[in-house]
Amino acid sequence: MQVKQVAARVLYLCLGEAASFSKDGHDSIRVSREIVMKNLGEIPRTPRKDRLIRERIHDPYKARLKLPEPALCPQCKAVYQQGRWRWGDPPAGASEVLCQACHRINDRYPAGELTLGGGFLNAHKTEILHLARNEEKLESGEHPLDRIMEVEDRGQTVVITTTGIHLPRRIGEAIHRAYEGDLDFHYEEESYTIRVRWNREA
Ligand SMILES: [Zn+2]
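Attention now goes to unusual backbone geometry. Where the residue is not glycine, phi is negative for most of them; where a peptide bond is considered, it is trans in most cases. Note that the residue after E69, namely P70, is joined by a cis bond; omega there is -10°. The topology assignment puts P70 in the loop between α3 (50-58) and β1 (71-72). Here Q82, not a glycine, exhibits a phi torsion of approximately 50°, which is positive. For Q82, the location among the structural elements is in the loop between β2 (79-81) and β3 (84-86). The backbone of Y192 sits at a positive phi, close to 55°, despite the residue not being glycine. The residue Y192 is located in the loop between β8 (182-188) and β9 (193-199) in this model.

What follows deals with the packing of helix α6 (residues 125-142) against helix α7 (residues 167-179). Interaxial distance between α6 and α7 falls to 9 Å at its minimum, and their mutual angle equals 135°. Classified by the interaxial angle, the pair formed by α6 and α7 is oblique. As for the relative orientation of α6 and α7, their crossing is right-handed in sense. Seen from α6, the contacting residues are I128, L131, A132, E135, E136 and E139; seen from α7, they are L167, R170, I171, A174, I175, A178 and Y179. Across the contact of α6 with α7, the residue classes tally to nine nonpolar, no polar and four charged.

Analysis parameters
Residues numbered from 1 in each chain as written. Predicted model: local features only at pLDDT ≥ 70, side-chain atom pairs only at ≥ 80, totals over all residues. Helix = DSSP H or I, 4+ residues; strand = E, 2+ residues; numbered from the N terminus. Axes fitted to C-alpha atoms, helices over the stretch in contact; angles between N-to-C directions. Parallel < 35°, antiparallel > 145°, perpendicular 65-115°, else oblique. Left-handed = near helix turned anticlockwise from the far one by under 90°. Contact = placed C-beta atoms within 7 Å. Nonpolar A, V, L, I, M, F, W, Y, C, P; charged D, E, K, R; others polar.

Spatial relationships are all this shows, so hold off on functional conclusions.
So this is what it looks like as structure tokens:
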């Protein structure tokens with residue numbers, strides 16, 4: 001893939017409808033350089049940076065300039081240090097940077113969705129949701145960016161949205177281990193989203 005096509009693809013994935021690219025790679029970049037620089041920082045220029053490109057397109061919310069260190073998310077108070085987010089006391093002189101989980105929460109744009117359903121759910125909703133919250137506590141304790149965004153009780157189903165792609169699977173597997181039923185996953189690499197469904201009728 002030519003560098004220009006790669007750059008167009010990165011743009012497309014990061015900016016969604018704001019950019020598009022044609023198959024032959026010509027006339028591909030339709031956004032201004034200002035937007036590009038704001039969202040992506042430096043565009044990789046050589047094929048040797050392919051690995052870097054893959055990392056950048058993996059999670060569109062992660063496609064940013066390198067974060068300053070140390071940094072503190074003003075919303076959830078997670079701390080960014082040595083290349084990762086964690087919970088802890090804010091180091092002196094930390095820059096304020098909104099973490100990608102809070103960014104997703106503010107945009108109401110979840111990375112993961114877990115849908116629970118079936119008659120068994122209705123009879124055991126409280127304990128199942130308690131288990132879900134407990135799994136979230138364990139996951140987000142270690143990985144601050146993987147959190148529950150919303151738990152929406154729709155009566156026959158409950159939809160849990162998350163800021164990361166690991167939590168829906170973790171919760172789904174814990175519920176499956178505890179209560180059996182049917183569990184399935186659908187991961188979309190292009191959009192970096194996961195959908196998990198768990199169902200048990202009786
Ligand atoms: Zn945050």
